[in-house]
Amino acid sequence: MVDRGSILLVVYNAFSGAVAVGIWSQVSMGDLARLAIICLVLLVASMGWTVWISRRLKFPVEDEATILFGGSNKSLAAGAPMAAVLFPAATVGFVLLPVMLYHQFQLMACAPSPATMRNGPTAPNRPARQPP
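Summarised in this report is the structure supplied together with it.

Basis of the calculations
Residues numbered from 1 in each chain as written. Predicted model: local features only at pLDDT ≥ 70, side-chain atom pairs only at ≥ 80, totals over all residues. Heavy atoms only, no water. Salt bridge = Lys/Arg side-chain N within 4 Å of Asp/Glu carboxyl O. Helix = DSSP H or I, 4+ residues; strand = E, 2+ residues; numbered from the N terminus. Buried < 20%, exposed > 50% of the residue type's maximum accessible area, 1.4 Å probe, protein only. Patch = residues over 30% accessible without salt bridge, like charges linked within 9 Å, V, L, I, M, F, W, Y side chains within 5 Å. Areas by Shrake-Rupley, 256 points an atom, 1.4 Å probe, with all protein chains shown as cover. Expected span 1.5 Å × (residues − 1). Contact = heavy atoms within 4.5 Å.

1. Details of the pattern of salt bridges
Side chains that differ in sign of charge can pair as their charged atoms come close.
Line of reasoning, step 1. Enumeration over the complete set of coordinates arrives at 2 salt bridges.
Line of reasoning, step 2. The residue Arg-34 makes a salt bridge to Asp-31 at a minimum N-O spacing of 2.6 Å. With Arg-34 and Asp-31 both in helix 3 (residues 29-56), this residue pair falls 3 residues apart, about one helical turn.
Line of reasoning, step 3. Residue classification places Asp-31 among the partly exposed residues on the basis of a relative accessible area of 35%.

Take a look at the structure:
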């Protein structure tokens with residue numbers, strides 16, 4: 001619980017600093033929409049690529065799910081502290097804005113996927129892993 005709380009504080013600190021500097025007066029709705037589209041394209045590309053690779057290498061369905069989630073996940077928990085160290089406080093919010101958008105899209109895209117993959121049919125050429 002402490003680790004999640006500290007991550008929350010880092011993200012809150014970075015984003016509230018950006019709001020205080022005036023991020024919403026400097027980023028137009030058009031820019032925000034373009035940024036959201038770019039983040040969505042990157043997420044779809046990374047998820048598609050990881051699924052394609054796992055199927056190409058004939059991994060079992062369970063491993064495909066792991067590869068899918070591990071390959072497309074880019075953590076806000078890792079990005080926020082690194083951005084806070086690498087960039088001046090006034091620009092951290094601008095740097096984190098695409099990361100925060102990507103992270104939200106990732107959470108929304110990946111939330112229903114485990115249930116879908118668990119309940120969906122197994123492809124004939126990719127058998128499910130058998131218990132020992």
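2. Quick notes on a nonpolar patch on the surface
Line of reasoning, step 1. On the surface, a cluster of nonpolar side chains totalling about 450 Å² of accessible area is made up of Met-82, Val-85, Leu-86 and Phe-87.
Line of reasoning, step 2. The residue Leu-86 is located in helix 5 (residues 76-86) in this model.

3. A few points about helix 3
Line of reasoning, step 1. For helix 3, which comprises 28 residues, the first-to-last C-alpha distance of 40 Å matches the rise-based estimate of 40 Å (1.5 Å per residue) to within 8%.
Line of reasoning, step 2. Here helix 3 has its buried residues at Leu-32, Ala-36, Cys-39, Leu-43, Ser-46, Met-47, Thr-50, Val-51 and Ser-54.
Line of reasoning, step 3. Contact partners of the buried residues in helix 3: helix 2 (23-26), helix 4 (61-72) and helix 6 (89-110).
Line of reasoning, step 4. One or two positions beyond helix 3, positive phi appears at Lys-58, with a value near 60°.

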